[in-house]
Amino acid sequence: MNILVVEKTYPWPLASGSHIRVASIVEALATLGEVDFFHITKEEPEPAPQSHEAVARFAAMQLPPSGYRGFRRRATWLTASRLPLEVAVRDYSDLRSAFRRWARPRYDLAWIGRADNYFAVGELITAPTVLDIDDLKDHWIA
């Protein structure tokens, strides 16, 4: 079984609750088959990323910068977009191209952490997909 995980959190070392959560997911999925881990990171990806025995293949791609500046763009987004600002203002074309080149032709299962990761690459995945939404920002208490 070929399994894809797309996450912003690289789980190892186990430095926080988020790391432990993602590591547990990856390790559980690895009992079912080979896990490919696609890491979407805010920072520049490391040239030789850390590996773990639960991961068969690994790739990292930096999140594209926000293209959102200025009052006019903000007003346009407020009046015309149905997307969250966090995803509406990014150009994902380079990230999607890198994902297409790296990903296997077929997966049996995909696990995508967070809605913005799904927006970035979800339409490129034909496998049954679990969208793991562990953080509903509209429910945060200030």
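Shown above is the structure to which this text applies.
Analysis parameters
- Residues numbered from 1 in each chain as written.
- Predicted model: local features only at pLDDT ≥ 70, side-chain atom pairs only at ≥ 80, totals over all residues.
- Heavy atoms only, no water.
- Patch = residues over 30% accessible without salt bridge, like charges linked within 9 Å, V, L, I, M, F, W, Y side chains within 5 Å.
- Areas by Shrake-Rupley, 256 points an atom, 1.4 Å probe, with all protein chains shown as cover.
- Salt bridge = Lys/Arg side-chain N within 4 Å of Asp/Glu carboxyl O.
- Helix = DSSP H or I, 4+ residues; strand = E, 2+ residues; numbered from the N terminus.
- Core = buried A, V, L, I, M, F, W, Y, C linked by side-chain atoms within 4.5 Å.
- Buried < 20%, exposed > 50% of the residue type's maximum accessible area, 1.4 Å probe, protein only.
- Contact = heavy atoms within 4.5 Å.
- Pairing = 2+ DSSP bridges.
- Axes fitted to C-alpha atoms, helices over the stretch in contact; angles between N-to-C directions.

Participant: An account of a nonpolar patch on the surface is requested, with residue identities and associated values reported.
Facilitator: Nonpolar side chains collect at one region of the surface, where Tyr118, Leu131 and Ile133 lie side by side and expose about 250 Å² of accessible area between them. Examined against the element boundaries, Leu131 turns out to sit in strand β5 (residues 129-132).

Participant: Give me the lowdown on the nonpolar core, citing residues and values where you can.
Facilitator: With 18 residues, the main nonpolar core has Leu4, Val6, Phe38, Phe99, Trp102 and Ile125 as its most contacted residues. Of all the secondary-structure elements, those providing two or more residues to this core are β1 (2-7), β2 (34-41), α4 (93-102), β4 (109-113) and α5 (115-121). Here the element with the most residues in this core is α4; it accounts for three residues. Sequence-distant contacts of Phe99, defined by excluding residues within four places in its chain, comprise Leu4, Val6, Phe38, Val121, Leu124 and Ile125.

Participant: Lay out the sheet that holds β4 with the relevant residues and their values.
Facilitator: If you walk across this open sheet you meet the five strands as β3-β2-β1-β4-β5, and the pairing is parallel. Every interior strand has two partners, whereas the edge strands, β3 (57-62) and β5, have only one. In this sheet, neighbouring strand axes are inclined to one another by 15 degrees on average, regardless of whether the strands run parallel or antiparallel. Bridge analysis of β1 against β2 gives six bridges, and the strand direction is parallel. Its bridge partner being in β2, Leu4 is matched across the sheet by Asp36. On top of the sheet, helix α1 (residues 17-30) reaches β1, β2, β4 and β5; it is set at about 155 degrees to β2, its chief contact. Docked against the sheet, α4 engages β1, β2 and β3, running at close to 170 degrees with respect to β3.

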